[in-house]
Amino acid sequence: MTAGRALRLEARAGRLSGPTGSMAPGLAQANLALIPARLAEDFEAFLRANPAAFPLLARGRAGDPTLPELGADIDLRTDLPRYRVFRDGAPVAMPTDITDLWRDDLTAFAIGCSLSFEADLVAAGVTLRCHAPGLTCSAFDTDLPLTPSGPFGGRLVVSMRAVPAGQVALAEAVTRAHPQSHGAPVHVGDPVVIGADLGRPIDGIGLTDIRPGEVPVFWACGVSLERAIAHAAPDLAITHAPGHMLITDLPVRGLAPETTR
C-alpha cells in the first residue's frame, strides 16, 4: 500500500481531518474541484487559460467519484481530510465527508498543488519553517486578475513561504522545474505590490511571519478555485478546504500536467 493510499484511508475513516502539508513527501498532492457537468467544459477552458494557477492533473467523468489515474481506490467523497461546500457561489460548510452531498452531475477536476514541491525544496537546501508536521504555508488574496473564461473569473490567490534571502534564487530554480505544482514564484518581496496583506491569511491558517534575513516568496495557489466558483456561482460546487489536499499515488518527479482526456 502506498503512503498516499494509507493517508486517504485515514481520511476516509475520519482519523485524518487536518492539513496535509509535509505528509507523504515525494507524492503529489492535488487541489480538488467538483463542478456541475453543465459547467464542466467552461471550467476546463478556464483552467487551461490560467495554467500557472491551475495545472490540470486529471478530469473525471460526471457522477464518478474516482480518479484512477491518480491513485488506487480513490473515493473523492471521503478521501480528503476536509472539504469546502459552496451554494450559489458562497461557502456554507466545511465537512470531512461529502457522501450525502454527492450528485450524479458532479465532475471532478484535480489540480496540482505547491505542497508537492516543498520536499524537493528542503532536499535542495532551502530552509522552510512551514514544512513540518502540523504546520503549513499561508495563502492570500491578491489584486492579480485571472484570465476569465465563460462564467469563471476572479483574482489570483497565492501561497506564501518565508525563504532566507540567500536561498531565493535556489527556490525559484527548484520550483520552475515543477510546472505541475504551479511552477516558479509569481512574486518575490513586498506583498503590497500584488495586493496581498500578510495580516489576513485565508482561513487564518499558516505561517505568516517574516523573520530578519527572510523574504516572502509567493506562488500561484489552487485556492484561486474558490474565487472562480464565487464568480460563476453554480448552485453547488465543492473544493478541498485550503491546506487539506487529495494525496495521490503519483510521484512528484516526472509528473506532467494532463493534456488529453
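Here, every reference points to the structure presented above.
Quick caveat, the model's predicted, so the values are computed rather than measured.

**Some words on the sheet that holds strand 6 (residues 138–145)**
- Judged by pairing direction, the sheet is antiparallel, and its 4 strands sit side by side in the order 6-7-9-8 without closing on themselves. At either margin of the open sheet sits one strand with a lone partner, and together these are strand 6 and strand 8 (187–188).
- As defined by bridge partners, strand 6 adjoins strand 7 (residues 155–164) across 5 bridges and the pair is classed as antiparallel. In the sheet register, Ala-139 faces strand 7, and the bridge partner there is Ser-159.
- This element, helix 4 (residues 168–176), spans strand 7, strand 8 and strand 9 (214–220) of the sheet and lies at about 15° to strand 9.

**What about the packing of helix 3 (residues 115–124) against helix 4?**
- Close contact between helix 3 and helix 4 brings their axes to 10 Å; oriented N to C, the two are set at 135°. In terms of their interaxial angle, helix 3 and helix 4 are classed as oblique. Note that helix 3 runs across helix 4; the crossing there is right-handed. On helix 4, the residues that touch Phe-117, Asp-120, Leu-121 and Ala-124 of helix 3 are Leu-170, Ala-171, Val-174 and Thr-175.
- Across the contact of helix 3 with helix 4, the residue classes break down as 6 nonpolar, 1 polar and 1 charged.

**Overview of the packing of aromatic side chains**
- The full count for this structure, using the stated rule, is 6 aromatic pairs.
- When the centroid spacing of 5.0 Å and the interplanar angle of 65° are considered together, the rings of Phe-43 and Phe-152 count as edge-to-face. With Phe-43 in helix 2 (residues 40–49) and Phe-152 in the loop between strand 6 and strand 7, this residue pair connects regions lying 109 residues apart in the sequence. There is no split in this pair, since Phe-43 and Phe-152 are both buried.
- Relative to Trp-219, the ring of Phe-117 lies with its centre 5.4 Å away and its plane at 50°, an arrangement referred to as tilted. On the criterion of sequence distance, the pair formed by Phe-117 in helix 3 and Trp-219 in strand 9 is long-range, its members being 102 residues apart.
- An aromatic cluster of at least three residues, connected via ring pairs, comprises Phe-43, Phe-46, Phe-54, Phe-109 and Phe-152.

**Here we look at the nonpolar core**
- With 29 residues, the main nonpolar core has Ile-35, Phe-43, Phe-46, Leu-47, Phe-54 and Phe-152 as its most contacted residues.
- If you list the elements that add at least two residues to this core, you get strand 1 (27–36), helix 2, strand 5 (106–112), strand 7, strand 9 and helix 5 (224–232).
- Apart from residues lying up to four places away in sequence, Phe-46 is in contact with Phe-54, Leu-146, Thr-147, Pro-148, Ser-149, Phe-152, Gly-153 and Ala-228.
- Among the nonpolar cores identified, the runner-up in size contains 21 residues, and Leu-70, Ile-98, Ala-108 and Ala-110 belong to it.

**Regarding the pattern of salt bridges**
- Under the criterion given, the structure shown has 20 salt bridges.
- Asp-73 serves as the salt-bridge partner of Arg-5, at 3.1 Å between the closest nitrogen and oxygen. With Arg-5 in helix 1 (residues 3–12) and Asp-73 in the loop between strand 2 (56–59) and strand 3 (83–87), this residue pair connects regions lying 68 residues apart in the sequence.
- Look at Arg-5 and you get partly exposed, because its relative accessible area is 27%.
- Here Arg-84 makes a salt bridge to Asp-203, at a shortest N to O gap of 2.8 Å. Of the two residues, Arg-84 sits in strand 3 while Asp-203 sits in the loop between strand 8 and strand 9, which places them 119 residues apart along the sequence.
- Judged by its relative accessible area of 40%, Asp-203 is partly exposed.
- A cluster of three or more residues bridged by salt bridges with shared partners is formed by Arg-84, Asp-141, Asp-203, Glu-226 and Arg-227.

**Description of the pairing of strand 10 (residues 237–240)**
- Across 2 bridges, the pairing between strand 1 and strand 10 is antiparallel. Counterpart to Leu-34 in the pairing with strand 10 is Ile-238.
- The pairing of strand 3 with strand 10 spans 4 bridges and is classified as antiparallel. Of the residues in strand 10, the one forming a bridge with Tyr-83 is His-240.

**Focus: unusual backbone geometry**
- Despite not being glycine, Ser-22 shows a phi value in the positive range, around 75°.
- Among the secondary structure elements, Ser-22 is positioned in the loop between helix 1 and strand 1.

**With respect to the environment of Arg-176**
- Position of Arg-176 among the secondary structure elements: in helix 4.
- Those residues in contact with Arg-176 that sit more than four places away from it in its chain are Gly-183 and Ala-184.

Cut-offs applied
- In this numbering scheme, every chain counts its residues from 1 along its sequence in written order.
- Whole-chain, interface and lining totals are the exception, using all residues; otherwise, since this is a predicted model, local features are given only for residues with pLDDT of at least 70 and side-chain atom pairs are given and counted only at 80 or more.
- Side-chain measures here rest on the full set of heavy atoms in the structure, leaving out hydrogens and waters.
- Here, strands pair whenever DSSP counts at least two bridges between them.
- Think of it this way: any DSSP run of H or I at least four residues long counts as a helix, any run of E at least two long counts as a strand, and we number them from the N terminus.
- By the convention used here, residues are in contact when the closest approach between their heavy atoms is within 4.5 Å.
- Axis definition: a line fitted to C-alpha atoms, limited for helices to the stretch in contact. Angles are taken between N-to-C directions and run from 0 to 180 degrees.
- Angle categories: roughly parallel below 35 degrees, roughly antiparallel above 145, roughly perpendicular from 65 to 115, and oblique for all the rest.
- Each crossing gets its handedness from the near helix: less than a right angle anticlockwise from the far helix is left-handed, clockwise is right-handed.
- Note on residue classes: Ala, Val, Leu, Ile, Met, Phe, Trp, Tyr, Cys and Pro are nonpolar, Asp, Glu, Lys and Arg are charged, and everything else, Gly too, is polar.
- Stacked, tilted and edge-to-face pairs are distinguished by plane angle, under 30 degrees for stacked and over 60 for edge-to-face with tilted covering the rest, among Phe, Tyr and Trp rings (Trp via its six-membered ring) whose centres lie within 6.5 Å.
- Between buried and exposed lies partly exposed: a residue is buried under 20% and exposed over 50% of the maximum accessible area for its type, with that area taken using a 1.4 Å probe on protein chains only.
- In this description, a nonpolar core means a group of buried Ala, Val, Leu, Ile, Met, Phe, Trp, Tyr and Cys residues linked to one another through side-chain atoms lying within 4.5 Å.
- Every case where a carboxyl oxygen of Asp or Glu lies within 4 Å of a side-chain nitrogen of Lys or Arg is listed as a salt bridge.

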